[in-house]
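# Coordinate inspection notes
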Amino acid sequence: MTDALRKFRDEARRLDRADPLGSFRGRFHTRPGTIYLDGNSLGLLSRDSAASLQKVLKSWETLGVRGWLEADPPWFTLAERLGARCAALVGAAPDEVVLSGTTTVNIHALVNTFFRPEGRRTKIVADELDFPTDVYALKSALKLRGLDPADHLVLVPSADGLTLDEGEIARRFDGTVALAFLPSVLYRSGQLLDMGFLTARAHEKGVIIGFDCSHSVGAVPHAFDEWGADFALWCSYKYLNGGPGATAFLYVNRRHFGKDPALAGWFGSAKDKQFDMSLDFEPAPSAGRWQISSPSILNAAPLIGSLSIFEEAGIEAVREKSLRMTRFLMDLVDGLLTEAPYGFSIGTPREDRRRGGHVALVHPEGLRIAEALRGRGVVPDFRPPDIVRIAPVALYNTYAEIGELVRHLRDIMATRAYERFPAERKAVS
């Protein structure tokens, strides 16, 4: 072990001993011999979530259909209850957030509600680094209105293929734009966009703006109401640790509560009217009106426990540790992995205010390096063309694990161990 690596190892031990969130690691199912650094893709199962899922299963077993009103908590209002709890993480009022659907379904529901092309305003602004499902949904919304995405979808370019310039995005807000829909954090590089700035600039130009916050909620505090964002949505299986395919969330600013949802469904009804079974839709007087179908209670159940952990830890404390961990990782990379034979660079902004919860390590052999790490019990993920994403999660990762990651990377590169792995991507990477 080099002197530099030993120094960082000692620093990691000091940081772990002083970590105010260290006790939360024991609340999660971590596997001995595995360093899990893929929480920005799928968060780990907590003991709290396992318990809340078991409780819901027991309610189903003992109550059957009566669980809709008699379970604890009642299933009939679970979406609103969980929405109100999640609202505290995003700076919203309790009735502005509801658990509903999936990320892409929520994109369709909200974009088609708020995109109202009229006169010269027929365009949607997004960006060329966006997660593909967002762009697919935006193109679909345009086609539904007979508009050609080639002419009406403005994808703001990136100068470096990794990051976006908020000023350049804002310059695209003009009299031809009806809607802007942008990510909070870029899924490859981890850049955190200035949502407050973008919202202000959009509204100055008369543009409605929404955000996909799937890569930020649970790692970064938000202030939707303070910023005045029109709408937002996010998944719950990444930093919120809700489980694979867990039900998503959506936010609608209360000034829009009078709008009719573009995709109406019976669970968007006012609760006291829903079982009247009227063929005339009477929507809920809240973000709940954008629900469509009956909520998946089993998919939502783990969030009952997961949100309890966030309520105990506090999102500000989570953010503080997340920033400290990603900064520690970048310092290690700068000191130990940039020179030959290692050759890594960092694709994530260095400034705290511009960084989400993960770090993008850039290397031409990124795919095979990620596979080599998995072969050693270290779990990152890979995003084309050359990014190994590392997400040290504040609630269950340690600084010592970051040090071990870097030790493995040095050995993989020094011995060229990555060359033993195929260069073809698996179905899921």
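So, here is what we can say about the structure in this document. (Residues numbered from 1 in each chain as written. Predicted model: local features only at pLDDT ≥ 70, side-chain atom pairs only at ≥ 80, totals over all residues. Heavy atoms only, no water.)

### Some points on the environment of Glu312
- Take Glu312: it is sitting in helix 11 (residues 297-313).
- C-alpha separation for the pair Glu312 and Leu193, spaced 119 residues apart in sequence, amounts to 27 Å.
- If near-sequence neighbours (up to four positions away) are discounted, Glu312 is found in contact with Phe24 and Arg27.
- Side chain to side chain, Glu312 and Arg27 meet in a polar contact 2.8 Å long. (Helix = DSSP H or I, 4+ residues; strand = E, 2+ residues; numbered from the N terminus. Contact = heavy atoms within 4.5 Å. Polar contact = N/O pair within 3.5 Å; in protein donor to acceptor, adjacent residues only side chain to side chain.)

### Digging into unusual backbone geometry
- Of note, the amide linkage connecting Asp72 to Pro73 takes the cis form, showing an omega dihedral of 0°.
- Topologically, Pro73 is positioned in the loop between helix 3 (67-70) and helix 4 (78-90).
- For the peptide bond that leads from Ala340 to Pro341, omega is 5°, which places it in the cis range.
- Looking at where Pro341 falls in the secondary structure, it is placed in the loop between helix 12 (315-336) and strand 9 (345-346).
- Even without glycine at this site, Asn241 takes up a positive phi of about 60°.
- Here Asn241 lies in the loop between strand 7 (231-234) and strand 8 (249-252).
- Phi is positive for Met277, close to 60°, though the residue is something other than glycine.
- Looking at the element boundaries, Met277 is found in the loop between strand 8 and helix 11.

### Structural notes on the pattern of salt bridges
- This model, assessed by the stated rule, comprises 30 salt bridges.
- The residue Glu401 makes a salt bridge to Arg25 at a minimum N-O spacing of 3.2 Å. With Glu401 in helix 14 (residues 399-414) and Arg25 in the loop between helix 1 (3-17) and strand 1 (35-36), the pair connects residues that are 376 residues apart, well separated along the chain.
- For Glu401, a relative accessible area of 8% translates into the label buried.
- Across the pair Glu168 and Arg171 runs a salt bridge whose closest N-O atoms are separated by 3.0 Å. Note that Glu168 and Arg171 are positioned in helix 8 (residues 166-171) at a spacing of three residues, about one turn of the helix.
- Of the residues examined, Glu168 reaches a relative accessible area of 24% and is grouped as partly exposed.
- One connected set of salt bridges, linked through shared partners, spans Arg27, Asp48 and Glu312. (Salt bridge = Lys/Arg side-chain N within 4 Å of Asp/Glu carboxyl O. Buried < 20%, exposed > 50% of the residue type's maximum accessible area, 1.4 Å probe, protein only.)

### Examining helix 2 (residues 47-63)
- Its 17 residues place the ends of helix 2 24 Å apart at the C-alpha level, agreeing with the 24 Å of an ideal helix rising 1.5 Å per residue.
- Within the span of helix 2, buried status applies to Asp48, Ser49, Ser52, Val56, Ser59 and Leu63. For helix 2, the buried positions fall inside an angular range of 100° around the axis, keeping them on one side. Those residues of helix 2 that are exposed and angled more than 90 degrees off the buried face are Gln54 and Glu61.
- Here the buried face of helix 2 lies against helix 3 and helix 11. (Expected span 1.5 Å × (residues − 1). Arc of directions from axis to C-beta.)

### Some thoughts on the sheet that holds strand 4 (residues 153-156)
- Pairing in this open sheet of seven strands is mixed, and the strands run 2-8-7-6-5-3-4 from one edge to the other. Edge strands, defined here as strands with exactly one partner in the open sheet, are strand 2 (97-99) and strand 4. Averaged over all pairs of adjacent strands, the angle between their axes in this sheet comes to 20°, without regard to strand direction.
- Pairing of strand 5 (residues 177-183) with strand 6 (residues 208-212), which is carried by five bridges, proceeds in the parallel orientation. Paired with Leu182 across the bridge in strand 6 is Phe211.
- In this fold helix 5 (residues 103-114) packs onto strand 5, strand 6, strand 7 and strand 8, with an angle of close to 170° to the strand it touches most, strand 7. (Pairing = 2+ DSSP bridges. Axes fitted to C-alpha atoms, helices over the stretch in contact; angles between N-to-C directions.)

### Some details on a negative patch on the surface
- Judged by side-chain charge, Asp272, Asp276, Asp280 and Glu282 come together as a negatively charged surface patch.
- Following the sequence through the fold, Asp280 ends up in the loop between strand 8 and helix 11. (Patch = residues over 30% accessible without salt bridge, like charges linked within 9 Å, V, L, I, M, F, W, Y side chains within 5 Å. Areas by Shrake-Rupley, 256 points an atom, 1.4 Å probe, with all protein chains shown as cover. Lys, Arg positive; Asp, Glu negative; His and termini not counted. Charge placed at Lys NZ, Arg CZ, Asp CG, Glu CD.)

### Regarding the sheet that holds strand 12 (residues 381-383)
- Pairing is antiparallel in the open sheet, where four strands are placed in the order 9-10-13-12. Edge strands, defined here as strands with exactly one partner in the open sheet, are strand 9 and strand 12.
- As judged from the two bridges shared by strand 9 and strand 10 (residues 359-362), these two strands associate in the antiparallel manner. Bridge pairing links Ser345 to Val362 in strand 10.
- Across the sheet, helix 13 (residues 366-375) touches strand 12 and strand 13 (387-390), and the angle it forms with strand 12 is around 170°.

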